[in-house]
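A closer look at the structure
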Amino acid sequence: MTTALITGASAGLGAAFARRLAAEGHDLVLVARDRGRLEATAAQLRAAHGVGVEVLPADLTVPSARALVEWRLSEPGLTPVDVLVNNAGVETDDEFPGALMADLQAEIDLNVTAVLRLTRAALPGMLARDRGSVINVASFAGYLPARGSAYGASKAWVLSFTDTVAASVSDTGVRVIALCAGRIRTGSHERAGRPVGAPGSPLWLDPDDVVEACLRDLRRGRRMCTPGRLYRSVVATLELPRRTLRLLARLAGRSREQQPAAAPAPSLAGAGAGERDRGEHLVA
Ligand SMILES: NC(=O)c1ccc[n+]([C@@H]2O[C@H](COP(=O)([O-])OP(=O)(O)OC[C@H]3O[C@@H](n4cnc5c(N)ncnc54)[C@H](OP(=O)(O)O)[C@@H]3O)[C@@H](O)[C@H]2O)c1
(Lines give C-alpha, C1' and ligand atoms only; values in the text may rest on other atoms or scores of the structure.)
Protein backbone atom coordinates (compact mmCIF):
# COMPACT_ATOMS: atom_id res chain seq x y z
CA MET A 1 0.00 0.00 0.00
CA THR A 2 1.37 3.45 -0.92
CA THR A 3 0.40 6.90 0.32
CA ALA A 4 -0.04 10.05 -1.77
CA LEU A 5 -0.17 13.60 -0.37
CA ILE A 6 -2.06 16.07 -2.57
CA THR A 7 -2.18 19.81 -1.99
CA GLY A 8 -5.32 21.67 -3.07
CA ALA A 9 -7.12 18.33 -2.95
CA SER A 10 -10.61 19.60 -2.13
CA ALA A 11 -11.48 21.07 -5.55
CA GLY A 12 -10.61 21.14 -9.24
CA LEU A 13 -7.51 19.37 -10.46
CA GLY A 14 -6.39 18.33 -6.95
CA ALA A 15 -9.72 16.59 -6.33
CA ALA A 16 -9.32 14.82 -9.70
CA PHE A 17 -5.85 13.59 -8.60
CA ALA A 18 -7.38 12.41 -5.31
CA ARG A 19 -10.18 10.49 -7.08
CA ARG A 20 -7.80 8.82 -9.50
CA LEU A 21 -5.13 7.88 -6.94
CA ALA A 22 -7.80 6.54 -4.54
CA ALA A 23 -9.30 4.49 -7.39
CA GLU A 24 -5.83 3.02 -7.97
CA GLY A 25 -5.70 1.98 -4.28
CA HIS A 26 -3.40 4.62 -2.79
CA ASP A 27 -4.05 5.88 0.73
CA LEU A 28 -4.24 9.66 0.75
CA VAL A 29 -3.29 12.74 2.75
CA LEU A 30 -5.43 15.67 1.59
CA VAL A 31 -4.25 19.27 2.12
CA ALA A 32 -6.20 22.53 1.63
CA ARG A 33 -7.43 25.37 3.85
CA ASP A 34 -11.11 24.53 4.33
CA ARG A 35 -11.43 21.61 6.78
CA GLY A 36 -15.14 21.05 6.00
CA ARG A 37 -14.54 20.59 2.26
CA LEU A 38 -11.55 18.34 2.96
CA GLU A 39 -13.59 16.14 5.34
CA ALA A 40 -16.40 15.87 2.76
CA THR A 41 -13.92 14.88 0.01
CA ALA A 42 -12.25 12.36 2.34
CA ALA A 43 -15.60 10.76 3.30
CA GLN A 44 -16.56 10.34 -0.40
CA LEU A 45 -13.21 8.76 -1.26
CA ARG A 46 -13.24 6.36 1.72
CA ALA A 47 -16.78 5.25 0.81
CA ALA A 48 -16.09 4.90 -2.92
CA HIS A 49 -12.66 3.23 -2.82
CA GLY A 50 -12.11 1.84 0.69
CA VAL A 51 -8.75 3.60 1.05
CA GLY A 52 -7.37 5.35 4.14
CA VAL A 53 -7.67 9.16 3.92
CA GLU A 54 -6.08 11.67 6.34
CA VAL A 55 -7.04 15.33 6.18
CA LEU A 56 -4.45 18.00 6.91
CA PRO A 57 -6.00 21.49 6.81
CA ALA A 58 -3.29 24.07 6.14
CA ASP A 59 -2.89 27.42 4.44
CA LEU A 60 0.32 26.83 2.49
CA THR A 61 1.06 30.56 2.33
CA VAL A 62 1.44 30.63 6.13
CA PRO A 63 4.88 29.40 7.26
CA SER A 64 3.68 27.75 10.50
CA ALA A 65 0.85 25.88 8.72
CA ARG A 66 3.15 24.90 5.85
CA ALA A 67 5.65 23.57 8.40
CA LEU A 68 3.01 21.08 9.58
CA VAL A 69 2.77 19.65 6.05
CA GLU A 70 6.58 19.60 5.75
CA TRP A 71 6.66 17.65 9.03
CA ARG A 72 4.04 15.16 7.71
CA LEU A 73 6.24 14.58 4.67
CA SER A 74 9.54 14.20 6.51
CA GLU A 75 8.78 12.65 9.92
CA PRO A 76 10.23 9.12 9.87
CA GLY A 77 7.79 7.87 12.53
CA LEU A 78 4.75 8.42 10.24
CA THR A 79 3.51 6.40 7.26
CA PRO A 80 5.86 7.43 4.44
CA VAL A 81 4.49 9.54 1.60
CA ASP A 82 5.39 7.85 -1.70
CA VAL A 83 3.68 10.31 -4.07
CA LEU A 84 3.68 14.09 -3.54
CA VAL A 85 1.35 16.13 -5.76
CA ASN A 86 2.21 19.83 -5.51
CA ASN A 87 -1.06 21.00 -7.01
CA ALA A 88 -2.37 23.96 -4.98
CA GLY A 89 -1.88 27.17 -6.91
CA VAL A 90 -3.47 30.56 -7.31
CA GLU A 91 -3.66 33.18 -10.05
CA THR A 92 -4.16 36.84 -9.27
CA ASP A 93 -6.24 38.44 -12.03
CA ASP A 94 -4.95 41.98 -11.54
CA GLU A 95 -2.05 43.07 -13.70
CA PHE A 96 1.29 43.47 -11.98
CA PRO A 97 1.54 47.27 -11.62
CA GLY A 98 -1.89 47.54 -9.98
CA ALA A 99 -2.01 44.23 -8.11
CA LEU A 100 -2.00 44.28 -4.33
CA MET A 101 1.41 43.40 -2.95
CA ALA A 102 -0.27 40.90 -0.58
CA ASP A 103 -1.88 39.06 -3.54
CA LEU A 104 1.40 38.94 -5.48
CA GLN A 105 3.22 37.64 -2.41
CA ALA A 106 0.55 34.97 -1.82
CA GLU A 107 0.95 33.88 -5.46
CA ILE A 108 4.66 33.37 -4.92
CA ASP A 109 4.22 31.81 -1.45
CA LEU A 110 1.80 29.17 -2.77
CA ASN A 111 3.00 28.59 -6.35
CA VAL A 112 6.74 28.73 -5.61
CA THR A 113 7.71 28.59 -1.92
CA ALA A 114 5.30 25.78 -0.98
CA VAL A 115 6.42 23.69 -3.98
CA LEU A 116 10.09 24.22 -3.08
CA ARG A 117 9.66 23.46 0.63
CA LEU A 118 7.33 20.44 0.33
CA THR A 119 9.55 18.87 -2.33
CA ARG A 120 12.61 19.44 -0.15
CA ALA A 121 10.79 17.89 2.82
CA ALA A 122 9.65 14.81 0.87
CA LEU A 123 12.77 13.95 -1.13
CA PRO A 124 15.22 12.76 1.55
CA GLY A 125 12.81 10.01 2.70
CA MET A 126 12.04 9.03 -0.90
CA LEU A 127 15.73 8.88 -1.73
CA ALA A 128 16.48 6.83 1.40
CA ARG A 129 13.73 4.37 0.35
CA ASP A 130 14.94 4.68 -3.26
CA ARG A 131 11.36 5.10 -4.50
CA GLY A 132 8.75 7.79 -4.84
CA SER A 133 7.24 10.34 -7.19
CA VAL A 134 6.82 14.11 -7.13
CA ILE A 135 4.27 15.75 -9.44
CA ASN A 136 4.59 19.53 -9.76
CA VAL A 137 1.61 21.25 -11.33
CA ALA A 138 2.98 23.96 -13.62
CA SER A 139 1.02 25.57 -16.45
CA PHE A 140 1.22 26.46 -20.13
CA ALA A 141 1.15 30.02 -18.77
CA GLY A 142 4.77 29.42 -17.76
CA TYR A 143 5.67 29.81 -21.47
CA LEU A 144 3.45 32.77 -22.29
CA PRO A 145 4.99 36.23 -22.62
CA ALA A 146 1.57 37.66 -21.73
CA ARG A 147 0.27 40.47 -19.54
CA GLY A 148 -0.71 39.57 -16.00
CA SER A 149 0.49 39.19 -12.45
CA ALA A 150 3.33 36.96 -11.24
CA TYR A 151 1.43 33.76 -12.19
CA GLY A 152 3.22 33.02 -15.48
CA ALA A 153 6.61 33.66 -13.90
CA SER A 154 5.77 31.41 -10.93
CA LYS A 155 4.80 28.57 -13.28
CA ALA A 156 7.95 29.10 -15.39
CA TRP A 157 9.82 28.60 -12.12
CA VAL A 158 7.96 25.33 -11.49
CA LEU A 159 9.01 24.06 -14.94
CA SER A 160 12.64 25.00 -14.38
CA PHE A 161 12.69 23.74 -10.78
CA THR A 162 11.26 20.37 -11.85
CA ASP A 163 13.96 20.02 -14.49
CA THR A 164 16.67 20.71 -11.91
CA VAL A 165 15.30 18.31 -9.29
CA ALA A 166 14.62 15.59 -11.88
CA ALA A 167 18.24 15.86 -13.05
CA SER A 168 19.48 15.73 -9.43
CA VAL A 169 17.64 12.45 -8.73
CA SER A 170 17.92 10.91 -12.20
CA ASP A 171 20.12 8.02 -11.06
CA THR A 172 17.76 7.04 -8.23
CA GLY A 173 14.39 5.34 -8.00
CA VAL A 174 12.62 8.69 -7.50
CA ARG A 175 10.68 10.28 -10.36
CA VAL A 176 9.83 13.95 -10.76
CA ILE A 177 7.44 15.36 -13.37
CA ALA A 178 6.01 18.78 -14.25
CA LEU A 179 2.41 18.90 -15.42
CA CYS A 180 2.17 21.67 -18.00
CA ALA A 181 -1.52 21.98 -18.78
CA GLY A 182 -3.42 24.63 -20.70
CA ARG A 183 -6.90 25.69 -19.60
CA ILE A 184 -8.70 23.12 -17.50
CA ARG A 185 -12.42 23.06 -16.64
CA THR A 186 -11.91 23.00 -12.87
CA GLY A 187 -14.47 25.64 -11.87
CA SER A 188 -11.74 28.12 -10.91
CA HIS A 189 -12.32 30.20 -14.07
CA GLU A 190 -16.07 30.44 -13.43
CA ARG A 191 -15.44 31.44 -9.81
CA ALA A 192 -13.07 34.19 -10.98
CA GLY A 193 -15.66 35.40 -13.51
CA ARG A 194 -13.45 34.53 -16.51
CA PRO A 195 -15.05 33.25 -19.75
CA VAL A 196 -14.95 29.47 -20.25
CA GLY A 197 -14.69 27.92 -23.73
CA ALA A 198 -17.47 25.91 -25.36
CA PRO A 199 -17.51 22.11 -24.88
CA GLY A 200 -15.26 20.43 -27.44
CA SER A 201 -12.87 23.39 -27.69
CA PRO A 202 -9.31 22.07 -28.06
CA LEU A 203 -8.17 24.83 -25.68
CA TRP A 204 -10.21 23.47 -22.75
CA LEU A 205 -9.19 20.26 -21.00
CA ASP A 206 -11.11 17.93 -18.68
CA PRO A 207 -9.44 17.53 -15.25
CA ASP A 208 -9.77 13.72 -15.22
CA ASP A 209 -8.15 13.50 -18.69
CA VAL A 210 -5.31 15.77 -17.49
CA VAL A 211 -4.67 13.55 -14.45
CA GLU A 212 -4.75 10.40 -16.57
CA ALA A 213 -2.21 11.85 -19.02
CA CYS A 214 0.05 12.99 -16.19
CA LEU A 215 0.12 9.62 -14.39
CA ARG A 216 0.70 7.85 -17.72
CA ASP A 217 3.70 10.07 -18.51
CA LEU A 218 5.02 9.68 -14.96
CA ARG A 219 4.89 5.88 -15.33
CA ARG A 220 6.76 6.22 -18.62
CA GLY A 221 9.55 8.05 -16.78
CA ARG A 222 8.93 11.41 -18.49
CA ARG A 223 9.88 14.70 -16.85
CA MET A 224 7.06 16.72 -18.33
CA CYS A 225 3.46 16.08 -19.32
CA THR A 226 1.56 18.41 -21.65
CA PRO A 227 -2.00 17.12 -22.12
CA GLY A 228 -4.01 18.06 -25.23
CA ARG A 229 -2.78 17.80 -28.82
CA LEU A 230 -2.71 21.56 -29.45
CA TYR A 231 -0.74 22.43 -26.31
CA ARG A 232 1.56 19.42 -26.83
CA SER A 233 2.60 20.51 -30.32
CA VAL A 234 3.36 24.09 -29.20
CA VAL A 235 5.31 22.95 -26.14
CA ALA A 236 7.24 20.33 -28.18
CA THR A 237 8.50 23.16 -30.43
CA LEU A 238 9.30 25.46 -27.51
CA GLU A 239 11.08 22.65 -25.66
CA LEU A 240 13.43 21.69 -28.52
CA PRO A 241 16.29 23.97 -27.41
CA ARG A 242 15.86 22.89 -23.79
CA ARG A 243 15.91 19.21 -24.75
CA THR A 244 19.20 19.81 -26.52
CA LEU A 245 20.57 21.60 -23.47
CA ARG A 246 19.38 18.76 -21.20
CA LEU A 247 21.25 16.26 -23.37
CA LEU A 248 24.40 18.41 -23.24
CA ALA A 249 24.05 18.74 -19.46
CA ARG A 250 23.75 14.96 -19.15
CA LEU A 251 26.83 14.43 -21.32
CA ALA A 252 28.76 17.02 -19.30
CA GLY A 253 27.66 15.29 -16.09
CA ARG A 254 28.86 11.96 -17.42
CA SER A 255 32.28 13.30 -18.40
CA ARG A 256 32.62 14.83 -14.91
CA GLU A 257 31.97 11.40 -13.41
CA GLN A 258 34.77 9.92 -15.53
CA GLN A 259 37.34 12.27 -14.00
CA PRO A 260 38.94 11.34 -10.67
CA ALA A 261 36.65 12.79 -8.02
CA ALA A 262 38.28 15.51 -5.93
CA ALA A 263 35.27 15.73 -3.63
CA PRO A 264 32.00 13.81 -3.41
CA ALA A 265 29.24 15.28 -5.62
CA PRO A 266 26.57 17.01 -3.56
CA SER A 267 23.36 15.00 -3.39
CA LEU A 268 19.93 15.83 -2.03
CA ALA A 269 19.91 13.09 0.57
CA GLY A 270 23.09 11.11 0.17
CA ALA A 271 21.04 7.99 -0.50
CA GLY A 272 22.68 5.26 -2.51
CA ALA A 273 20.98 4.18 -5.72
CA GLY A 274 20.24 0.51 -6.15
CA GLU A 275 19.16 -1.31 -9.29
CA ARG A 276 16.38 0.55 -11.13
CA ASP A 277 13.09 -1.06 -12.04
CA ARG A 278 11.55 1.11 -14.73
CA GLY A 279 8.30 -0.87 -14.87
CA GLU A 280 4.83 0.55 -15.39
CA HIS A 281 3.99 1.67 -11.87
CA LEU A 282 3.73 4.96 -10.00
CA VAL A 283 6.23 4.41 -7.24
CA ALA A 284 9.47 3.35 -8.78
N1 LIG B 1 -7.65 25.57 -14.09
C2 LIG B 1 -6.76 25.75 -15.06
O3 LIG B 1 -7.11 26.16 -16.19
C4 LIG B 1 -5.30 25.46 -14.83
C5 LIG B 1 -4.44 25.38 -15.92
C6 LIG B 1 -3.10 25.07 -15.73
C7 LIG B 1 -2.63 24.87 -14.45
N8 LIG B 1 -3.48 24.98 -13.40
C9 LIG B 1 -2.94 24.77 -12.05
O10 LIG B 1 -3.62 23.66 -11.47
C11 LIG B 1 -3.62 23.80 -10.06
C12 LIG B 1 -5.03 23.63 -9.52
O13 LIG B 1 -5.87 24.60 -10.14
P14 LIG B 1 -7.46 24.49 -10.06
O15 LIG B 1 -8.00 25.22 -11.23
O16 LIG B 1 -7.86 23.07 -9.82
O17 LIG B 1 -7.75 25.35 -8.74
P18 LIG B 1 -9.06 25.42 -7.84
O19 LIG B 1 -10.21 24.74 -8.49
O20 LIG B 1 -9.21 26.86 -7.47
O21 LIG B 1 -8.67 24.58 -6.54
C22 LIG B 1 -7.63 25.07 -5.73
C23 LIG B 1 -7.39 24.10 -4.57
O24 LIG B 1 -6.27 24.60 -3.83
C25 LIG B 1 -6.67 24.88 -2.47
N26 LIG B 1 -5.95 26.07 -2.04
C27 LIG B 1 -6.07 27.33 -2.53
N28 LIG B 1 -5.27 28.17 -1.85
C29 LIG B 1 -4.63 27.42 -0.92
C30 LIG B 1 -3.68 27.71 0.09
N31 LIG B 1 -3.25 28.96 0.31
N32 LIG B 1 -3.20 26.70 0.86
C33 LIG B 1 -3.64 25.44 0.68
N34 LIG B 1 -4.54 25.09 -0.27
C35 LIG B 1 -5.03 26.08 -1.05
C36 LIG B 1 -8.20 25.06 -2.54
O37 LIG B 1 -8.86 24.73 -1.33
P38 LIG B 1 -9.09 25.81 -0.15
O39 LIG B 1 -9.71 27.02 -0.81
O40 LIG B 1 -9.96 25.14 0.86
O41 LIG B 1 -7.73 26.10 0.40
C42 LIG B 1 -8.55 24.01 -3.61
O43 LIG B 1 -8.57 22.73 -3.03
C44 LIG B 1 -3.00 25.18 -9.76
O45 LIG B 1 -1.63 25.03 -9.44
C46 LIG B 1 -3.15 25.91 -11.08
O47 LIG B 1 -2.20 26.93 -11.24
C48 LIG B 1 -4.81 25.25 -13.54
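Residues numbered from 1 in each chain as written. Predicted model: local features only at pLDDT ≥ 70, side-chain atom pairs only at ≥ 80, totals over all residues. Heavy atoms only, no water.

Labelled according to an unreviewed UniProt entry, the protein appears under the name SDR family NAD(P)-dependent oxidoreductase, originating from Pseudonocardia acidicola. According to the UniProt record, the Sequence similarities (unreviewed entry) comment for the protein is "Belongs to the short-chain dehydrogenases/reductases (SDR) family." (UniProt positions renumbered as here; feature names shortened; annotations may be inferred.)

Some remarks on the nonpolar core
Core analysis: the largest hydrophobic core is formed by 44 residues, its most contacted members being Ile 6, Phe 17, Leu 28, Leu 30 and Ile 135. In contact with Leu 30, not counting residues within four places along its chain, are Ile 6, Ala 9, Ala 18, Leu 38, Thr 41, Ala 42, Leu 45, Val 53, Glu 54, Val 55 and Leu 56. Counting 28 residues, the second largest nonpolar core, distinct from the first, contains Leu 84, Ala 88, Val 134 and Phe 161. (Core = buried A, V, L, I, M, F, W, Y, C linked by side-chain atoms within 4.5 Å. Buried < 20%, exposed > 50% of the residue type's maximum accessible area, 1.4 Å probe, protein only. Contact = heavy atoms within 4.5 Å.)

Thoughts on the pairing of strand 3 (residues 53-57)
A regular strand places its side chains on the two faces of the sheet in alternate fashion. Where strand 2 (residues 27-32) lies against strand 3, 5 bridges are found, and the strand directions are parallel. Each bridged residue has a counterpart across the sheet, and for Val 31 the counterpart in strand 3 is Leu 56. (Pairing = 2+ DSSP bridges. Helix = DSSP H or I, 4+ residues; strand = E, 2+ residues; numbered from the N terminus.)

Details of the site of the ligand
In the vicinity of the ligand there are 31 residues, among which Asn 87, Tyr 151, Ile 184, Thr 186 and His 189 approach most closely. The contact in question runs from an oxygen atom of the ligand to an N or O atom on the backbone of Leu 13, over 2.8 Å. In this structure, an oxygen atom belonging to the ligand sits 2.7 Å away from a side-chain N or O atom of His 189. Notes on the ligand: free accessible area 890 Å², of which the protein chains cover 91%. (Near = heavy atom within 4 Å. Polar contact = N/O pair within 3.5 Å; in protein donor to acceptor, adjacent residues only side chain to side chain. Areas by Shrake-Rupley, 256 points an atom, 1.4 Å probe, with all protein chains shown as cover.)

Focus on helix 7 (residues 207-219)
Taking 1.5 Å per residue, 13 residues should reach 18 Å; helix 7 reaches 18 Å between its end C-alpha atoms and fits that length. Regarding helix 7, the residues found buried are Pro 207, Val 210, Val 211, Ala 213, Cys 214, Leu 215, Asp 217, Leu 218 and Arg 219. Looking at the buried side of helix 7, the elements it contacts are helix 1 (12-23), strand 5 (132-137), strand 6 (174-179), strand 7 (183-184), strand 8 (204-205) and strand 9 (224-225). Of the residues trailing helix 7, Gly 221 is marked for its positive phi of about 85 degrees. (Expected span 1.5 Å × (residues − 1).)

Focus: the confidence of the model for the protein
This prediction gives the protein a mean pLDDT of 90; 90% of its residues lie at or above 70. Below pLDDT 50 for its whole length, residues 261-280 participates in 26 contacts with residues either more than four positions away or in separate chains. (pLDDT = per-residue confidence, 0-100.)

Here we look at the pairing of strand 1 (residues 3-7)
Most of strand 1 sits inside the fold, with 5 of its 5 residues counted as buried. Burial along strand 1 is two-sided: the residues Thr 3, Leu 5 and Thr 7 and Ala 4 and Ile 6 are all buried. Pairing of strand 1 with strand 2, which is carried by 5 bridges, proceeds in the parallel orientation. Along strand 2, the bridge assignment pairs Thr 7 with Val 31. For the handedness criterion, the β-α-β arrangement of strand 1, helix 1 and strand 2 is classed as right-handed. With 3 bridges connecting them, strand 1 and strand 4 (residues 83-86) associate as parallel partners. (Right-handed = clockwise from strand over helix to strand, strands pointing away.)

Looking at the state of the cysteines
Under the definition given, this model contains 0 disulfides. Cys 225 provides the cysteine sulfur closest to Cys 214, a residue in no disulfide bond, and the two sulfurs are 5.1 Å apart. The exposure class assigned to Cys 225 is buried, which follows from its relative accessible area of 1%. (Disulfide = S-S within 2.5 Å.)

Considerations on the sheet that holds strand 6
Read across the sheet, 7 strands follow the order 3-2-1-4-5-6-9 without closing on themselves; strand pairing throughout is parallel. Sheet topology places strand 3 and strand 9 at the edges, where each strand pairs with a single neighbour. Relative to strand 6, strand 5 is paired through 6 bridges, and the arrangement is parallel. Residue pairing in the sheet places Val 137 in a bridge with Leu 179 of strand 6. Against the sheet, helix 3 (residues 63-74) contacts strand 1, strand 2, strand 3 and strand 4, and its axis sits at roughly 150 degrees relative to strand 3. On top of the sheet, helix 5 (residues 151-168) reaches strand 5, strand 6 and strand 9; it is set at about 160 degrees to strand 6, its chief contact. (Axes fitted to C-alpha atoms, helices over the stretch in contact; angles between N-to-C directions.)

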